[in-house]
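Here is what each chain is made of, one letter per residue.
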Amino acid sequence: MRMLSTLRRKLRHLEPSVRDQLARTALARAVPWMEQRALFRFQREPLARGVAAGLFCGLIPGPLQLVGAVGACAWLRGNVVAGGVTTFYTNPLTTVPLYVLAFQVGSLVLPGEQSLPAFNAAGPAGAFSVQALAEWMQALGTPLLVGLPVLGLILAVLGYAAVQALWLAPVLQRGRRRQRARALRDQA
């Protein structure tokens with residue numbers, strides 16, 4: 001719990017330096033708009049919304065993840081830094097397992113039985129091929145198309161709840177300690 005309190009303090013101390021950097025850049029004119037939407041506030045609610053937006057937008061294919069996360073953070077009034085950093089949970093090592101999971105989620109939602117096509121990302125020379133990976137993703141079809149947003153929503157809700165719980169855990173622990181101390185004082 002001490003680590004969570006330290007992280008919270010560090011995030012709060014990061015906010016003034018982010019504001020100073022924004023005031024010096026070309027974005028200085030947009031600072032009042034960004035401030036109104038809490039895009040750079042390191043507080044519980046904006047952080048939770050930013051993490052949720054980043055987890056949802058992390059499943060967007062290609063380089064549009066960050067653009068989507070920034071747009072979602074502006075719309076949801078979430079922390080842009082948290083949203084952008086959270087999108088990096090998808091990378092070349094996690095894309096295939098996440099897409100398989102999204103396919104499974106999509107096949108649960110859709111009627112009928114869908115079978116997962118075999119993954120073979122080897123090209124003609126036997127080496128990894130982006131084209132073979134793209135063909136495999138196309139073969140996943142409708143279950144993947146349905147499963148990606150559903151999985152994104154599930155991850156976003158879980159991320160939002162996790163940030164809320166982690167942020168409030170030290171507060172709840174402090175309250176329990178105070179209750180125990182009062183109970184001991186009353187007994188004495």
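Above this text you will find the structure in question.
Quick caveat, the model's predicted, so the values are computed rather than measured.

A. Local environment of the overall build of the protein. Across its full length, the protein carries 7 helices and 0 strands. Ordered by position in the sequence, the α and β elements of the protein form the string α-α-α-α-α-α-α. Here the protein holds 188 residues, and 36% of them are scored as buried. Long-range pairs, those at least 24 residues apart, make up 69% of the contacts in the protein with a sequence separation of at least 6. Total accessible area on the protein stands at roughly 12,000 Å², and carbon and sulfur atoms take up 66% of it.

B. The packing of helix α3 (residues 44-57) against helix α4 (residues 64-76), seen in detail. Two elements in contact, α3 and α4, have axes whose closest approach is 9 Å; the angle formed by their N-to-C orientations is 145°. Viewed along their axes, α3 and α4 form a crossing whose handedness is right-handed. Here α3 contributes R49, G50, A53 and C57 to the contact with α4, which in turn contributes Q65, G68, A69, A72, C73 and L76.

C. Quick look at the nonpolar core. In this structure, L59, L98, Y99, A102, F103, V105, L133, W136, L140, L144, L148 and L151 together form the largest nonpolar core, which totals 12 residues. Counting residues per element, the ones that place at least two in this core are α6 (95-109) and α7 (130-187). Not counting residues up to four positions away in its chain, the partners in contact with L144 are Y99, A102, F103 and M137. Grouped together as the second largest cluster of nonpolar side chains are 9 residues, C57, A69, A72 and V80 included.

D. Focus on the packing of α6 against α7. Close contact between α6 and α7 brings their axes to 6 Å; oriented N to C, the two are set at 60°. By the angle between their axes, α6 is oblique relative to α7. In this structure, α6 meets α7 at a crossing whose hand is left-handed. Along the contact surface, α6 presents V96, L98, Y99, V100, L101, A102, F103, V105, G106, S107 and V109, while α7 presents L133, W136, M137, L140, P143, L144, V146, G147, L148, V150 and L151.

E. Structural detail: α6. Given a rise of 1.5 Å per residue, 15 residues ought to cover 21 Å, and the 21 Å separating the end C-alpha atoms of α6 matches this to within 8%. If you check which residues of α6 are buried, you get L98, Y99, A102, F103, V105, G106 and S107. Along its buried surface, α6 packs onto α7.

F. Here's a closer look at the side chain of S107. As for its position among the elements, S107 is in helix α6. If we skip the residues at most four places from it in the chain, S107 touches G112, Q114 and P143.

Reading the values: rules and limits
Residues numbered from 1 in each chain as written. Predicted model: local features only at pLDDT ≥ 70, side-chain atom pairs only at ≥ 80, totals over all residues. Heavy atoms only, no water. Helix = DSSP H or I, 4+ residues; strand = E, 2+ residues; numbered from the N terminus. Buried < 20%, exposed > 50% of the residue type's maximum accessible area, 1.4 Å probe, protein only. Contact = heavy atoms within 4.5 Å. Areas by Shrake-Rupley, 256 points an atom, 1.4 Å probe, with all protein chains shown as cover. Axes fitted to C-alpha atoms, helices over the stretch in contact; angles between N-to-C directions. Left-handed = near helix turned anticlockwise from the far one by under 90°. Core = buried A, V, L, I, M, F, W, Y, C linked by side-chain atoms within 4.5 Å. Parallel < 35°, antiparallel > 145°, perpendicular 65-115°, else oblique. Expected span 1.5 Å × (residues − 1).

That's the geometry; what it means functionally is another story.
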